[in-house]
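# Observations on the model geometry
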Amino acid sequence: LTQVYQFTRRNKMALRLAARSAIRATAIPSRALSTAAVSDLDRAKSVENFEAVLNKFAEIRACAVLRTATSEACPKAMQAAIDGGFKIAEFTLTTPDCLTHLSDFRAKYDGDVMVGCGTILTTEDAENAIDAGSEFIITPVMLPDVIEWCAARNIACVPGCQ
């Protein structure tokens, strides 16, 4: 099943505010200093990458969210969503072999479709998703440790999309 979330300018502002709040909570005084602070962290992204992800959400404002019961159904369903015009795709960790499929689609559509991972519950889940090629992280509820981990690394994180 594919669900669609609409993102508005207000959501973009909420994303930025959540990220900035998380950064303050991790004792990084400002976004300008975060570039130097994250350079020593594993899996860190640039501020430009973070802004590009937020801007793409603001521009496109719709995301195909994939949750399938079987691994075999996953690539077919996501391909249908992309063929239908979606430019942002979220694979949920509840889908069998999610990270393999995410990695495959990221390689296939890099630059054309922004690919991310949802149902992230721990920082280990976030690490694995980023290692697989996820460009953003979605959590089902507010998880401060995941939000702080992402914010410290300039990884766009959308908390509480349940």
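What counts and what doesn't
Residues numbered from 1 in each chain as written. Predicted model: local features only at pLDDT ≥ 70, side-chain atom pairs only at ≥ 80, totals over all residues. Heavy atoms only, no water. Helix = DSSP H or I, 4+ residues; strand = E, 2+ residues; numbered from the N terminus. Expected span 1.5 Å × (residues − 1). Buried < 20%, exposed > 50% of the residue type's maximum accessible area, 1.4 Å probe, protein only. Arc of directions from axis to C-beta. Disulfide = S-S within 2.5 Å.

### Some words on helix α3 (residues 47–60)
Residues three or four positions apart in an α-helix share a direction because the helix packs 3.6 residues into each turn. For α3, with 14 residues, the first-to-last C-alpha span of 20 Å sits near the 20 Å given by 1.5 Å per residue. Here α3 has its buried residues at V47, F50, V53, L54, F57 and A58. The buried residues of α3 occupy one face: seen down the axis, they fall within an arc of 135°. Exposed side chains of α3 directed beyond 90 degrees from the buried face belong to E48 and E59. R61, located one to two residues past α3, shows a positive phi value of around 65°.

### Description of the state of the cysteines
For the structure shown, the criterion picks out 0 disulfides. Left without a disulfide partner, C150 is nearest to the cysteine sulfur of C157, which lies 4.2 Å away. We classify C150 as buried; its relative accessible area is 0%.

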